[in-house]
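Okay, here's what each chain looks like letter by letter:
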Amino acid sequence: MRVTEFAAELGVSVVTVRKDVEVLAERGLLARVHGGAMLPEDWAETAPVTPSAADSGSTGTGSAAVVPARASAARAAGGRPLTLGLIVPSSAYYYPEVIKGAREAADVLGVRLTLAVSTYDVDTEKAQAARMVADGVDGLLLAPSGVGAEGSPGGPWYEELGVPVVLVERRPEQQASACEHVGTDHGYGARLAVRHLLDAGRRRIALVMRGGTPTAPWIKKGYDAAMAEAGPTGSGAALFLDLAEYDAGEAAYEQAMAEFIEGVRAGRVDAALVHPDHEAVVLLQRLRSASLSVPGDVALVSYDDEVASLADLPLSAVAPSKHEVGVTGVELLVRRLREPGRPRRRIDILPELRVRASSATRP
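Here's a quick rundown of the structure. (Residues numbered from 1 in each chain as written. Predicted model: local features only at pLDDT ≥ 70, side-chain atom pairs only at ≥ 80, totals over all residues. Heavy atoms only, no water.)

### Describing the sheet that holds strand β11 (residues 239–242)
Adjacent strands of a sheet pair through backbone hydrogen bonds, lying either parallel or antiparallel.
Phase 1: Sheet architecture is open: 6 strands sit in the order β11-β10-β12-β13-β14-β16, paired in mixed fashion. Of all the strands in the sheet, just β11 and β16 (352–354) have a single pairing partner and so form its edges. When strand polarity is set aside, the average angle formed by the axes of neighbouring strands in this sheet is 20 degrees.
Phase 2: Both strand β14 (residues 316–319) and β16 contribute to a ladder of 3 bridges, which runs antiparallel. Residue pairing across strands places A319 opposite E352, the latter belonging to β16.
Phase 3: Strand contacts of helix α8 (residues 186–199): β10 (205–209), β12 (271–275), β13 (299–303), β14 and β16, with the helix running at about 165 degrees to β13, the strand carrying the most contacts. (Pairing = 2+ DSSP bridges. Helix = DSSP H or I, 4+ residues; strand = E, 2+ residues; numbered from the N terminus. Axes fitted to C-alpha atoms, helices over the stretch in contact; angles between N-to-C directions. Contact = heavy atoms within 4.5 Å.)

Encoded structure:
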């Protein structure tokens, strides 16, 4: 498309179209050419404009005069294609959409992406990271398994790898760390769920979760804040049950489930935020076995939205924007590699609440 023709068609200024083209080119969605733009996959098929034609300001039908962002982002300092490493703890739960988003962003930007799965083992991910660096990756996207993972006094282990690192769905372990990160604002997600339950007429809202997960502290913080904002009625009635690493059948797990069900029977609990999804599905089944109705006796909102919609009664859920986390992580790392001196960023992406049958408003 030619900038002048497109501006005339839309009824906007040429400057406006040029600014939009610049933004889209930076994201790899368009290739800037002399006097206009084209799709990234088409730019290489055109013959380059000679320097004299580009300098003359010709508005003819000249070919590509500027290498698009897709191509420039694809090259390291030595002219070879950029290669990024992605290390996540799981490829089965939560992270498939993160991986998909990262892969799609890498394709758009013309970079190579290599994947490793650490299975939540710190030593494994350290070895994977070291191997990727030795193989020549230009930067790493990393979701560390350990909280407070050890390193030198100067910082955690991933800051000593010698390549730029962007944390994915994790925050730096030290506030003074200059490590960039992109992730979900889980505190906001918890507050979103509690506000929804309050608006639905619930006041005795419990939090049931596995407290050992990296996400758990942020959910707990958001829940506490939202309950405090609800005033004495909310904060005084809050119930917190930590399932820790217990499995169904273990005494501590069964005791927590029994305490929750008894709280519902006694009227001390009329709603709950449950993390992760599969625990919400189990809790739904336990409630029905105890002849308690959802949402009649108790409303449920799960967290993660991996399997919430598949429950026999579809569960309302807080849904992190996992795909966007993957996309943004790749974009952030590529920008860091292209512009090493640019200000560092920590990006929080807001989740959304998907309301389903399990948290209907009380009449």
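Moving on, there is more to tell.
### Let's talk about the pattern of salt bridges
Phase 1: Under the criterion given, the structure shown has 13 salt bridges.
Phase 2: Measuring nitrogen to oxygen at the nearest pair gives 3.0 Å for the salt bridge that ties R171 to D348. Taken together, the residues span a long stretch of sequence, with R171 in the loop between β8 (165–168) and β9 (180–184) and D348 in strand β15 (residues 346–349) at a distance of 177 residues.
Phase 3: Overall, the relative accessible area of 25% leaves R171 in the partly exposed class.
Phase 4: Residue class for D348 comes out partly exposed when judged on its relative accessible area of 38%.
Phase 5: Its salt-bridge partner being D270, residue R204 comes within 3.6 Å of it at the nearest N-O pair. Of this pair, R204 sits in the loop between α8 and β10 while D270 sits in the loop between α11 (251–265) and β12, and the two are 66 residues apart along the sequence.
Phase 6: Among the charged side chains, a salt-bridge network with shared partners connects D305, E352, R354 and R356. (Salt bridge = Lys/Arg side-chain N within 4 Å of Asp/Glu carboxyl O. Buried < 20%, exposed > 50% of the residue type's maximum accessible area, 1.4 Å probe, protein only.)

### Quick look at the layout of surface pockets
Phase 1: Space inside the largest pocket adds up to approximately 400 Å³.
Phase 2: Lining the largest pocket we find 20 residues, and of these Y93, Y120, T213, P214 and H275 sit closest to its centre.
Phase 3: A per-class count over the lining of the largest pocket returns 7 nonpolar, 7 polar and 6 charged. (1 Å grid on protein atoms, 1.4 Å probe; cavity = no way out; pocket = protein on both sides within 12 Å on 5 of 7 lines; lining within 4 Å. Points joined across faces, edges and corners; volume = space filled by probe spheres on them. Nonpolar A, V, L, I, M, F, W, Y, C, P; charged D, E, K, R; others polar.)

### Looking at the nonpolar core
The tendency in soluble globular proteins is for nonpolar side chains to be buried side by side.
Phase 1: Ranked by internal contacts, the top residues of the largest apolar core, which has 29 residues, are F260, L287, V298, L300 and L315.
Phase 2: Sorting the residues of this core by element identifies β10, β11, α11, β12 and α12 (277–289) as the ones contributing at least two each.
Phase 3: Element by element, the count of residues in this core is highest for α11, at 6 residues.
Phase 4: Not counting the four nearest positions on each side in its chain, L287 is found in contact with F260, I261, V264, L292, V294, V298 and L300. (Core = buried A, V, L, I, M, F, W, Y, C linked by side-chain atoms within 4.5 Å.)

### Describing the pairing of β13
Phase 1: With respect to burial, β13 is a largely interior element, 5 of its 5 residues being buried.
Phase 2: Burial along β13 is two-sided: the face carrying A299, V301 and Y303 and the face carrying L300 and S302 are both buried.
Phase 3: Where β12 meets β13, 4 bridges bridge the pair, whose relative direction is parallel. When the sheet's bridge partners are listed, V274 is paired in β13 with S302.

### Focus: a negative patch on the surface
Phase 1: Residues D242, E245, D247 and E250 make up a contiguous surface patch of negative charge.
Phase 2: On the basis of relative accessibility, which here comes to 58%, the residue E245 falls in the exposed class. (Patch = residues over 30% accessible without salt bridge, like charges linked within 9 Å, V, L, I, M, F, W, Y side chains within 5 Å. Areas by Shrake-Rupley, 256 points an atom, 1.4 Å probe, with all protein chains shown as cover. Lys, Arg positive; Asp, Glu negative; His and termini not counted. Charge placed at Lys NZ, Arg CZ, Asp CG, Glu CD.)

### Focus: unusual backbone geometry
Phase 1: A cis amide bond links H275 with the next residue in sequence, P276, at an omega value of 0 degrees.
Phase 2: Residue placement: P276 occurs in the loop between β12 and α12.
Phase 3: The omega torsion of the bond from V294 to P295 falls at 5 degrees, within 30 degrees of zero and hence cis.
Phase 4: Looking at the element boundaries, P295 is found in the loop between α12 and β13.
Phase 5: For Y94, which is not glycine, the phi torsion reads 75 degrees and is therefore positive.
Phase 6: By secondary structure assignment, the location of Y94 is in the loop between β3 (83–88) and α6 (95–109).
Phase 7: Backbone geometry places Y120, a non-glycine residue, at a positive phi of 60 degrees.

### Topic: the packing of α11 against α12
Phase 1: Across the interface, α11 lies against α12 with an axial gap of 11 Å and an inter-helix angle of 60 degrees. When the axes of α11 and α12 are compared, the pair comes out oblique. Classified by chirality, the crossing of α12 by α11 is right-handed. Here Y253, E254, M257, F260, I261 and V264 of α11 come into contact with α12, specifically with E279, V282, L283, R286 and L287.
Phase 2: For the contact of α11 with α12, the class distribution of residues is 8 nonpolar, no polar and 3 charged. (Parallel < 35°, antiparallel > 145°, perpendicular 65-115°, else oblique. Left-handed = near helix turned anticlockwise from the far one by under 90°.)

### Concerning the side chain of T83
Phase 1: Tracing the backbone shows T83 in strand β3.
Phase 2: Judged by relative accessible area, which is 12%, T83 ranks as buried.
Phase 3: Discounting residues that sit within four places of it in the chain, T83 has contacts with R112, T114, V137, D138 and G139.

### Side note on the packing of aromatic side chains
Phase 1: Under the counting rule described, the total for this entry stands at 2 aromatic pairs.
Phase 2: Relative to Y158, the ring of W157 lies with its centre 5.8 Å away and its plane at 75 degrees, an arrangement referred to as edge-to-face. You'll find W157 and Y158 in the same group, each marked buried.
Phase 3: Seen from the ring of F240, K220 lies directly overhead, with NZ or CZ sitting 4.8 Å from the centre.
Phase 4: Seen from the ring of Y94, K322 lies directly overhead, with NZ or CZ sitting 5.0 Å from the centre. (Phe/Tyr/Trp six-rings, centres within 6.5 Å; stacked < 30°, edge-to-face > 60°. Lys NZ or Arg CZ within 6 Å of the ring centre and 35° of its normal.)

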